[in-house]
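Residue-level listing of the chains:
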Amino acid sequence: MGPDRRSVRIRMLVAEQAVRHGARVGVVDVCTAAVAALPVGGAGLSAMSRSAPSHPLCSTDDISEQLEELQLTLGEEPCVDAFLHGSAVLTPDLLTRDLQDRWTVFADAALEAGEET
């Protein structure tokens, strides 16, 4: 699937979420569309800027909310790296040695948050 088709598909998925609740498209629709379309249990979205404090915009569940807060509090994790480097950072397993070394505090805190549920 080319970038243009992918972009159209993403917009359609997000719009479908808005139609389901009968409102204009919002950030919650982005999160819920991601959960509906991907093999994930939850999603979160934060606003990040180089000149202003970052803050969470939405989360689909308690774990996603905790992870959004952790990333902004600790300043280390996949979303922060993605923002700084301008590309996606995929992290399917926080137990790998590379990720444990890369995000020492975040990896342990995120794993603990997942165990609490």
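Residues numbered from 1 in each chain as written. Predicted model: local features only at pLDDT ≥ 70, side-chain atom pairs only at ≥ 80, totals over all residues. Heavy atoms only, no water.

## Here's the deal with the pattern of salt bridges
Scanning the model with the defined rule gives two salt bridges in all. Linking Asp81 and Arg102 is a salt bridge whose minimum nitrogen-to-oxygen distance equals 3.2 Å. Residue Asp81 is found in helix 4 (residues 78-85), and its partner Arg102 is found in helix 5 (residues 97-102); the two are separated by 21 residues along the sequence. The buried category is assigned to Asp81, whose relative accessible area is 13%. Given a relative accessible area of 38%, Arg102 falls into the partly exposed group. Asp101 is the partner of Arg97 in a salt bridge, and the nearest nitrogen-oxygen pair spans 3.1 Å. (Salt bridge = Lys/Arg side-chain N within 4 Å of Asp/Glu carboxyl O. Helix = DSSP H or I, 4+ residues; strand = E, 2+ residues; numbered from the N terminus. Buried < 20%, exposed > 50% of the residue type's maximum accessible area, 1.4 Å probe, protein only.)

## Brief notes about the side chain of Gln17
Checked against the element boundaries, Gln17 lands in helix 1 (residues 3-21). With residues near it in sequence (within four places) discarded, Gln17 still touches Asp29, Thr32, Ala33 and Ala36. (Contact = heavy atoms within 4.5 Å.)

This is a description of form; function is not addressed.
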